[in-house]
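Report on the structure
Given next are the chains, with one letter for each unit.
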Amino acid sequence: QMGFVVDWYFLGPFDAPGTSGFDLVLPPEEQVTSEVDLAATYKGQGGGRIAWKRFRTGDRFGQTNLIQAIAAVKEAVGYAYTEFDSPRDQQVQLRCGADDNITIWINGRQVLKRLQWLNGTRLDRFRVDVSLRKGRNRMLVKVCQGPQHKNPAVPNNWSLQLRLCDPAGGGVTFKPALPPVARKKESTR
């Protein structure tokens, strides 16, 4: 058990021309200190409506292809959200990788922010020590998708891989606890 987080809700794509996505503050970030509204819908890229969708990756190393989970797009922002239960208060390492850049909040507190375009997802590329509380914990992840590489033969991948582990890399105990979603309202944003 390596502690991969594989069960998520995804939202996107939001429009982010060029490489502007990293600095944009979009509705899920505005809700991060309270509770992310999984029932809301928003104006997405191209003017269409977007909503949170549940997705569980089947990859044995926990990598989620955001093209499958969200959409095949360029110059966009997507969000991943999960909830899980910890059996106790504990210090853990959050290890992750993303294509392209990534920002992570746990229980309303930003714990990681990395700006690196065209970097690819690699196991444990970024590491940060985080505190989990006993019981329910909430995690929001922002992953930006940049423009197409100058060389059109280079694929425009979009992915996320994240795990919770001890300092030696062994997975820590947590229980996925995603809530159900009842669609109820539409945001004008």
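Look up: the structure comes first, before these words.
Anyway, here's the lowdown on the structure attached to this text. This structure is a prediction, so every number in the text was calculated from the model and none was measured. Going along each chain's sequence as written, the residues are numbered from 1 onward. In keeping with the predicted nature of the model, local features appear solely for residues at pLDDT of at least 70, side-chain atom pairs appear and are counted solely at 80 or more, and the whole-chain, interface and lining totals rest on all residues. Note that water and hydrogens are dropped before the side-chain values are worked out from all heavy atoms of the structure.

**Some words on the pattern of salt bridges**
Salt bridges are defined by distance alone: a side-chain nitrogen of Lys or Arg within 4 Å of a carboxyl oxygen of Asp or Glu. The full count for this structure, using the stated rule, is 6 salt bridges. The partner of R138 in a salt bridge is E35, and the shortest N-O contact between them spans 3.9 Å. Residue R138 is found in strand β11 (residues 135-145), and its partner E35 is found in the loop between α1 (27-30) and β2 (41-43); the two are separated by 103 residues along the sequence. Here R136 makes a salt bridge to E83, at a shortest N to O gap of 3.3 Å. Taken together, the residues R136 in strand β11 and E83 in strand β6 (residues 76-86) connect sequence positions 53 residues apart. By relative accessible area, which is 5% here, E83 ends up buried. Each helix is a run of DSSP H or I of at least 4 residues and each strand a run of E of at least 2, with the numbering of both proceeding from the N terminus. In this scheme, a residue with accessible area under 20% of its type's maximum is buried, one over 50% is exposed, and one in between is partly exposed, where area comes from a 1.4 Å probe on protein chains only.

**Remarks on the pairing of strand β8 (residues 102-106)**
Taken across its 5 residues, β8 has 5 buried, putting it largely inside the fold. Side chains I102, I104 and I106 of β8 all project onto a buried face; the interleaved residues T103 and W105 project onto the opposite face, where all are buried too. Any two strands with at least two DSSP-identified bridges between them are counted as paired. Pairing of β8 with strand β9 (residues 109-114), which is carried by 5 bridges, proceeds in the antiparallel orientation. Directly across from T103, in β9, lies its bridge partner K113. The turn linking β8 back onto β9 is made up of 2 residues, and N107 within it adopts a positive phi angle of 50°. Sheet analysis places β8 next to β11, joined by 5 bridges and oriented antiparallel. Each bridged residue has a counterpart across the sheet, and for W105 the counterpart in β11 is L140.

**Examining unusual backbone geometry**
Peptide bonds are, in most cases, trans, and in most cases residues other than glycine have a negative phi. Of note, the bond from G12 into P13 is cis; its omega dihedral lies within 30 degrees of zero at 0°. With respect to the element layout, P13 can be found in strand β1 (residues 7-15). The omega torsion across D99 and D100 is 20°, close enough to zero to call that bond cis. Relative to the helices and strands, D100 resides in the loop between β7 (90-99) and β8. Even without glycine at this site, N107 takes up a positive phi of about 50°. A relative accessible area of 25% means that N107 is categorised as partly exposed.

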